[in-house]
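An overview of the molecular structure
Now for the letters of each chain:
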Amino acid sequence: MNRLTGFAFAALAAALLFASPAMAAYDPGDPAQKAEYDAALAIAAQGYEYGVPILNMDKTYRISTSANVTNGRGAGPVNKFSHFTRLADARDRKVVLPNSDTLYSMAWLDLGKGPLVIHTAKTKRFHVLELLDPWEENFANIGSPPKGYPDGDYLVVPRGWKGKKPRGLTKIVSPYKRIWIIGRTLAYGKSDLKNVHRIQDTYRIVPLKKWNPKKPYAYRQPAPKKPDRKTDEAHIPGTGPGEDPAIFFDALGAQLKRFPPRKIDAPMLAELSTLGIGPGLRPATAGSLSDAQLQAMRDAVTQGPGKINANFLAKYLETFDLLNGWLATTTGTYGTNYRQRAIVDKVGLGAPMPWVSLYPVALFDRTKAPLTGTKRYVAHFSPETSRPPVRFFWSMTLYDNDGFLVDNEFDRYLINDRSKPNYNEDGSLDIYVQPDKPADPRQARNWLPSPPATSATRGFRLITRLYGLSDKGIKGVVDGTGWHGPSLLPCATDGTTSEGVACASGNRADSALSRDLQDCSAFLAMIPRNSRRIRPEPGRTTSQ
């Protein structure tokens, strides 16, 4: 059993305090207390938005490094790559929005014991090692992208390192001693995975004192006496069952001390300090805040995820018409745009610089109705947009609204340039997004399975990945002056969209079943809830 750290003990004490019925003394009916609460809530809400990314990164670090040997799904000890050995599929329920274009190679670096050498071998296949700091800033990339570092040998050092760089190594200065590496290596399908594995095996992390340029693959990290591939569960402090939400800000104080913010964050830190939030501070347990202020801090944490979702939706709708129903925004560096960083942290943790990849997303169809498995859609690319202007590759992947790939009997989760879709005679491209497989083989090649009408989670979203856009291309996608995603329109009863694009011919039996289920659902909706209880079969339970 792990021993409790000082912070963990304080968090436990705060949780017990939070559970006490004598704690809640804030009276919203008192005008003075309400005014104090409102002022504190405004500051605490900013603190949540500002701080949740670094706490989420720390949570990810704790989960990923809890295994002491690599597990083939990104977890393992620090300073060692953990390579994914298979493409992501519907079984993967831990990583949100996984891609099935590449195999990941994950690693967490700890420069506390000295500099590390990263080695990559040159290859024509697309690959990139993305280096992120604890604030989710993508400060370096190694591999194929022209704006990144080319393959070679790199000495990664923390800021302020005074040592001498050996000949043959290129120095990369990290803002902090903790780094998350997300490696991506392009795969051409399941039959190609052995080739990808060989490339992954050329990625190396070696302590400087163990580096031998003549034998870059000689170093092996010592093996643990008791190998353990299982990962521990973890959560952001203040969000676990029974915890006082206010300890979120105590945890934030610990991270601010460990990873000092940038100078440009000074105005935000000054604002937060008025509520006792800052490096090394524990406002939830210090005893210096009023009941109204503490309640405001708790409410900021419990309301925080919903506000981020609302900000995401508002941002999406703001440019909905301009970008043909898609949201395209830059990632990887955020400056003082804390709202943008919090949104990306929630919906696309680990997203790189836009010149590595851009990720347009669609939540609604072109009529601004949420995407759902109860409808059939056509994603229609015009002849001008059917081949995105990318240097490397593109894809369109479907996820449920929890951010996971949708299970289907064909193990099909995306359409990409390697799947060789069928283009129309005029050069346009139609992707058929629907639960049932089209009867026409040519249309089936362009089929992207959506959740069936019987699914408990019928809602879904689409993400297009664009790897290798030029600066001009990035600008055009983001501001609407260049390439844009396809028009997403539902199919009408006559088998076409409102723009006259032909829909796919579905499997008649499946389509009939879907319609029958929708009719049944509509009928059940008219029956009073207390009149339609269903007894579970012996040995089985019903879910809500």
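To be clear, the structure that these remarks concern was listed above.
A brief report on the enclosed structure follows. (Residues numbered from 1 in each chain as written. Predicted model: local features only at pLDDT ≥ 70, side-chain atom pairs only at ≥ 80, totals over all residues. Heavy atoms only, no water.)

Another aspect to go through is unusual backbone geometry. For Asn79, which is not glycine, the phi torsion reads 65 degrees and is therefore positive. Mapped onto the elements of the fold, Asn79 is located in the loop between helix 2 (31-64) and strand 1 (82-83). Taking relative accessible area as the criterion, Asn79 reaches 18% and is therefore assigned buried. Phi is positive for Asn324, close to 60 degrees, though the residue is something other than glycine. Positionally, Asn324 belongs in the loop between helix 6 (291-318) and helix 7 (338-348). (Helix = DSSP H or I, 4+ residues; strand = E, 2+ residues; numbered from the N terminus. Buried < 20%, exposed > 50% of the residue type's maximum accessible area, 1.4 Å probe, protein only.)

Further remarks concern the environment of Lys190. Residue position: Lys190 is located in the loop between strand 8 (178-186) and helix 3 (193-200). Considering only alpha carbons, one finds Lys190 and Arg86, 104 residues apart in sequence, at a separation of 7.7 Å. Filtering out sequence-adjacent residues up to four positions away, Lys190 remains in contact with Leu87 and Asp411. (Contact = heavy atoms within 4.5 Å.)

For the rest of this paragraph, the subject is the pairing of strand 9 (residues 204-207). Of the two faces of strand 9, both are covered, the one formed by Arg204 and Val206 as well as the one formed by Ile205 and Pro207. Relative to strand 9, strand 3 (residues 116-119) is paired through four bridges, and the arrangement is antiparallel. Along strand 9, the bridge assignment pairs Val117 with Val206. (Pairing = 2+ DSSP bridges.)

Turning our eyes to something else, we now look at the sheet that holds strand 2 (residues 102-110). Read from one edge of the open sheet, five strands run 1-2-8-4-5, paired in antiparallel fashion. Either end of the sheet is taken by a strand with one partner, and the two such strands are strand 1 and strand 5 (138-143). Relative to strand 8, strand 4 (residues 127-132) runs antiparallel, the two being bridged by six bridges. Residue pairing in the sheet places Leu132 in a bridge with Trp180 of strand 8. Docked against the sheet, helix 3 engages strand 1, strand 2 and strand 8, running at close to 20 degrees with respect to strand 2. (Axes fitted to C-alpha atoms, helices over the stretch in contact; angles between N-to-C directions.)

In the structure shown here, the tally under the stated rule is one disulfide. In this model, Cys491 is linked to Cys503 through a disulfide, with the two sulfur atoms separated by 2.2 Å. Measuring the twist about the S-S bond at about -115 degrees, one finds the Cys491-Cys503 disulfide to be left-handed. Remark: Cys503 occurs in the loop between strand 18 (487-490) and helix 10 (508-525) and Cys491 occurs in the loop between strand 18 and helix 10; sequence separation between them is 12 residues. Cys503 matches Cys491 in its accessibility class, with the two residues each being buried. (Disulfide = S-S within 2.5 Å.)

Counting buried residues in strand 4 gives six out of six residues, a clear majority hidden from the surface. Judged by which residues are buried, strand 4 turns out to be covered on both faces: His127, Leu129 and Leu131 on one side and Val128, Glu130 and Leu132 on the other are all buried. Two strands pair when backbone bridges link them, and strand 4 and strand 5 are joined in this way by five bridges, in the antiparallel orientation. Note that in strand 5 the partner of Glu130 across the bridge is Asn141. Taking the residues between adjacent antiparallel strands as the criterion, strand 4 and strand 5 are bridged by five residues, where Glu136 takes a positive phi near 70 degrees.

If you walk across this open sheet you meet the four strands as 7-6-3-9, and the pairing is mixed. Unpaired on one side and paired on the other, strand 7 (170-174) and strand 9 mark the two borders of the sheet. Taking the axes of each pair of neighbouring strands and ignoring which way they run, one obtains an average angle of 30 degrees across the sheet.

Take helix 4 (residues 247-258) next. Side chains of residues three or four places apart in an α-helix project in the same direction, reflecting 3.6 residues per turn. For helix 4, spanning 12 residues, the distance from its first C-alpha to its last is 17 Å, which sits close to the expected 16 Å at 1.5 Å a residue. Along helix 4, nine of the 12 residues are buried, which leaves the element largely enclosed by surrounding structure. Those residues of helix 4 lying buried are Ile247, Phe248, Phe249, Asp250, Ala251, Leu252, Gly253, Gln255 and Leu256. (Expected span 1.5 Å × (residues − 1).)

Turning our attention to the packing of helix 2 against helix 6. Contact geometry for helix 2 and helix 6: axes closest at 7 Å, N-to-C directions at 50 degrees. As far as their axial angle goes, helix 6 and helix 2 are oblique. Crossing angle aside, the handedness with which helix 2 passes helix 6 is right-handed. (Parallel < 35°, antiparallel > 145°, perpendicular 65-115°, else oblique. Left-handed = near helix turned anticlockwise from the far one by under 90°.)

This part takes up the packing of aromatic side chains. Evaluated as defined, the whole model comprises 21 aromatic pairs. Ring plane angle 75 degrees and centroid distance 5.1 Å describe the contact between Phe248 and Phe249, whose orientation is recorded as edge-to-face. Taken together, the ring pairs connect Phe126, Tyr359, Phe392, Phe393 and Tyr467 into an aromatic cluster. The side chain of Arg178 reaches across the aromatic face of Tyr61, ending 3.6 Å from its centre. Against the face of Tyr423 rests Arg387, its NZ or CZ located 3.9 Å from the ring centre. (Phe/Tyr/Trp six-rings, centres within 6.5 Å; stacked < 30°, edge-to-face > 60°. Lys NZ or Arg CZ within 6 Å of the ring centre and 35° of its normal.)

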